[in-house]
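Fold and geometry: a report
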Amino acid sequence: MNSYLDIIIRSTAVYLFMLIALRIFGKKELSQLNTADVILILLISNSVQNAMVGSNVSLLGGIAAASVLFAINFLLKNLMYKSKRFSDFMQEKPEILIHDGKLDFEILNKLNISSEELQEAMREHGIEHFTDVKLAMLEIDGNISIISGKVTLRQTHYRRLKRIKKTIG
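Reference entry: report on the structure contained in this document. (Residues numbered from 1 in each chain as written. Predicted model: local features only at pLDDT ≥ 70, side-chain atom pairs only at ≥ 80, totals over all residues. Heavy atoms only, no water.)

1. Here we look at the overall build of the protein
Check the secondary structure of the protein and you find eight helices and five strands. Taken from the N to the C terminus, the helices and strands of the protein come in the order α-α-α-α-α-β-β-α-α-β-β-β-α. Burial statistics for the protein: of 169 residues in total, 33% are counted as buried. Long-range contacts, defined here as pairs at least 24 residues apart, represent 60% of the contacts in the protein between residues at least 6 apart. Carbon and sulfur atoms make up 64% of the accessible area of the protein, which totals about 11100 Å². (Helix = DSSP H or I, 4+ residues; strand = E, 2+ residues; numbered from the N terminus. Buried < 20%, exposed > 50% of the residue type's maximum accessible area, 1.4 Å probe, protein only. Contact = heavy atoms within 4.5 Å. Areas by Shrake-Rupley, 256 points an atom, 1.4 Å probe, with all protein chains shown as cover.)

2. Comments concerning the side chain of Asn 56
Following the sequence through the fold, Asn 56 ends up in the loop between α3 (35–53) and α4 (59–82). When sequence neighbours within four positions are dropped, the list of residues in contact with Asn 56 reads Ser 3, Tyr 4, Ile 7 and Gly 61.

3. With respect to the nonpolar core
Ranked by internal contacts, the top residues of the largest apolar core, which has 17 residues, are Leu 97, Ile 98, Leu 118, Met 122, Val 133, Ile 144 and Ile 146. Elements with a minimum of two residues in this core: β1 (95–99), α6 (105–110), α7 (115–124), β3 (133–138) and β4 (144–148). (Core = buried A, V, L, I, M, F, W, Y, C linked by side-chain atoms within 4.5 Å.)

As far as function goes, none of this settles anything; it's purely spatial.
This is the structure we're talking about:
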């Protein structure tokens, strides 16, 4: 078989495997990276690189693998944009964490979000008490969006990805 066709097939298989694995582990896992998660990502990238290119370690082999990954990603993004059903299948829905000052403990438990983590997000946006939150949501990208219940409503975003800076730096 042509070595570049082999790279295309291998890269596609690895991409689909990673897509399924990330879908199973969920959005929270991606947005709340700690040291072990960063190490895991580095090790996965190293291990799947070999699976994609096989024995072809040439520059063209690497470019072929990267091109396939970009092309698949581009096609999937377009398909998600054009098809609501496919988009719903590929992405989780946003989850309401707090509504009118009331925490949804069932959702928080399901998503493994502690009250301390939620309070940290609130403090970063100048909100002291849960009762001051009109709406807090875990968005599909892993961010916690908070809308305060004050007269001057302001929307704030807590990026859970900031945890990586605390862990590394």
